[in-house]
Amino acid sequence: MSATAAIDAVLQETVAAGAVPGVVALAADDRGVVYQGAYGRRVLGGEAAMTPDSVFWIASMTKAVTSVAALQLVEAGKLALDEPIARVLPELADRPVLEGFDAEGRPRLRPARRPVTLRHLLTHTAGFAYDMWNADIKRLMERDNVPGIISCRQAALRTPLTFDPGEKWHYGINIDFVGRAVEAVSGRSLEDYFREHILDPLGMADTGFTLGPAQRARRVGMHARLPDGGLAPIDFEVPQQPEFFMGGGGLYGTGVDYLRFLRMLLAGGSLEGARILKPETVALMAENQIGDLEAGVLQTVQPTASNDVDFFPGMSQKWGLGFLINTEDSRHGRKAGSLAWAGLGNTYFWIDRTAKLAGVILMQILPFADQKAVALYGAFEHALYQGRRA
């Protein structure tokens, strides 16, 4: 069986079994697209079939795009990785550290021991956390009525640090501040900056923070996994008139578009004549930037939003400038040193610079790290690598 037929069978059988409502998967090597498939429906019970140009909320897959934008500005000398980011974002000049709560339930705050840098933000070592994976931040936000980050309200960005910058890895709202830094030094909105410097040069016409009529007509609906294992459509959309563009998770886009972005990184920063980053910058993004710290493992405190997260159990995992790095070959095929991440609605990607292979698989299901979605992600990767060996 060819790789294409094997992947088709995996996707088709998973949809037919009702494990996911619909899925789009694509892959490319250093010569071009090697797989493209779409199965199921955009909305469970709906008539519209899933197609390769279906539009998904790609959520935290936005982070890689924002990271590339920031590093373009590092190349241009407008941002620096190791200067205090308060130089361009004064709001981060005196962000305190939350050390817990007193007997009356008031937060215990103290000054941070060192300033936040762009490198801290890009590596999730600044101290910021998401409420779905940090009980103290969840408690503080509930206590003070702080809106969640997906509200795209300025108040969502006012949470304290949970540790001193550089001392731990914890996934959080860091890249939203990176997006604000891009805006501050470029003088452009993040949407306009992306369009001019990344999306248009790469031909990513269906990707953006706001949905146009053509994209809305192809938008995939969000679904919730029910206690009995079934699925139900839910009403969900990122605010279309946001107070800020969510650089950590606000983009909508297609698998076709995102694969072009991945192909650019796979090729060392350029695609079809469009140079986005220098090769040495892409190489820097792929290096371990957190030293002896460990990355990638998250314990949920909001099970409706996310399951526990650990894509490589028992493996040391690192973080580059925008990506999770597996330090050993994966059981599904990707090589050690590959780059990857995902989005809250169960969208996933990886870039294997050794095997010269990149893949993206998109669904719209909550909670994140849904077991059936993760299993399909692994089966897609496995079938792709097995087909290359055949």
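Each value, and the rule that gives it
- Residues numbered from 1 in each chain as written.
- Predicted model: local features only at pLDDT ≥ 70, side-chain atom pairs only at ≥ 80, totals over all residues.
- Heavy atoms only, no water.
- Helix = DSSP H or I, 4+ residues; strand = E, 2+ residues; numbered from the N terminus.
- Buried < 20%, exposed > 50% of the residue type's maximum accessible area, 1.4 Å probe, protein only.
- Lys, Arg positive; Asp, Glu negative; His and termini not counted.
- Salt bridge = Lys/Arg side-chain N within 4 Å of Asp/Glu carboxyl O.
- Polar contact = N/O pair within 3.5 Å; in protein donor to acceptor, adjacent residues only side chain to side chain.
- Contact = heavy atoms within 4.5 Å.
- Core = buried A, V, L, I, M, F, W, Y, C linked by side-chain atoms within 4.5 Å.
- 1 Å grid on protein atoms, 1.4 Å probe; cavity = no way out; pocket = protein on both sides within 12 Å on 5 of 7 lines; lining within 4 Å.
- Points joined across faces, edges and corners; volume = space filled by probe spheres on them.
- Nonpolar A, V, L, I, M, F, W, Y, C, P; charged D, E, K, R; others polar.
- Pairing = 2+ DSSP bridges.
- Phe/Tyr/Trp six-rings, centres within 6.5 Å; stacked < 30°, edge-to-face > 60°.

**Examining the side chain of Asp131**
Now for step 1: Among the secondary structure elements, Asp131 is positioned in the loop between helix H3 (118-123) and helix H4 (135-144).
Now for step 2: Of the side chains bearing the opposite charge, Lys138 lies closest to the buried Asp131, which forms no salt bridge; the N-O distance is 7.4 Å.
Now for step 3: Among the polar contacts made by the side chain of Asp131, one reaches the side chain of Gln302 at a distance of 3.1 Å.
Now for step 4: Setting aside chain neighbours within four positions, we find Asp131 in contact with Ile137, Lys138, Met141, Val301 and Gln302.

**Describing the nonpolar core**
Now for step 1: Residues Ile85, Phe194, Ile198, Tyr258, Phe261, Phe349 and Ile361 are the most contacted members of the largest nonpolar core, which totals 128 residues.
Now for step 2: Not counting residues within four places of it along the chain, the set of residues in contact with Phe261 comprises Ala64, Val65, Val68, Ile198, Leu202 and Met204.
Now for step 3: Judged by nonpolar contacts, the second largest core, of 7 residues, contains Phe101, Ala129, Ile137 and Val146.

**Points about unusual backbone geometry**
Now for step 1: Omega for the peptide link from Leu366 to Pro367 comes to 10 degrees, which places this bond in the cis form.
Now for step 2: Within the fold, Pro367 resides in the loop between strand E16 (365-366) and helix H10 (371-389).
Now for step 3: Look at Ala59: it is not a glycine, yet its phi comes out positive at around 50 degrees.
Now for step 4: Non-glycine residue Lys356 carries a positive phi angle of around 55 degrees.
Now for step 5: Assessed through its relative accessible area of 39%, Lys356 is described here as partly exposed.

**Here's the deal with the layout of surface pockets**
Now for step 1: Computed from the structure, the largest pocket encloses a volume of approximately 460 Å³.
Now for step 2: Taken together, 24 residues make up the lining of the largest pocket; nearest its centre are Asp310, Phe311, Phe312, Pro313 and Val374.
Now for step 3: Sorting the residues of the lining of the largest pocket by element identifies strand E13 (339-343) and H10 as the ones contributing at least two each.
Now for step 4: With 5 residues, the single largest contributor to the lining of the largest pocket is H10.
Now for step 5: Counted by class, the lining of the largest pocket contains 13 nonpolar, 5 polar and 6 charged residues.
Now for step 6: Within this model, the second largest pocket holds a volume of roughly 170 Å³.
Now for step 7: Forming the walls of the second largest pocket are Trp57, Asp131, Met132, Gly148, Ile149, Ile150, Phe236, Gln302, Thr304, Ala305, Leu344 and Leu366.
Now for step 8: Looking at side-chain class alone, the lining of the second largest pocket contains 8 nonpolar, 3 polar and 1 charged residues.

**A short note on the environment of Arg153**
Now for step 1: Examined against the element boundaries, Arg153 turns out to sit in the loop between H4 and helix H5 (174-186).
Now for step 2: By relative accessible area, Arg153 is classed as partly exposed at 43%.

**Topic: the pairing of strand E15 (residues 357-362)**
Now for step 1: With respect to burial, E15 is a largely interior element, 6 of its 6 residues being buried.
Now for step 2: Here strand E1 (residues 22-29) pairs with E15 via 6 bridges, running antiparallel. Bridge assignment links Val24 to a residue of E15, and that residue is Leu362.
Now for step 3: Both strand E14 (residues 347-352) and E15 contribute to a ladder of 6 bridges, which runs antiparallel. Note that in E15 the partner of Tyr348 across the bridge is Ile361.

**As for the packing of aromatic side chains**
Now for step 1: Tallying each qualifying case throughout the model produces 25 aromatic pairs.
Now for step 2: Here the aromatic rings of Trp57 and Phe236 are separated by 4.7 Å at their centres, their planes lie at 40 degrees, and the arrangement is tilted. Remark: Phe236 occurs in the loop between strand E7 (231-234) and strand E8 (252-253) and Trp57 occurs in strand E3 (residues 56-57); sequence separation between them is 179 residues. There is no split in this pair, since Trp57 and Phe236 are both buried.

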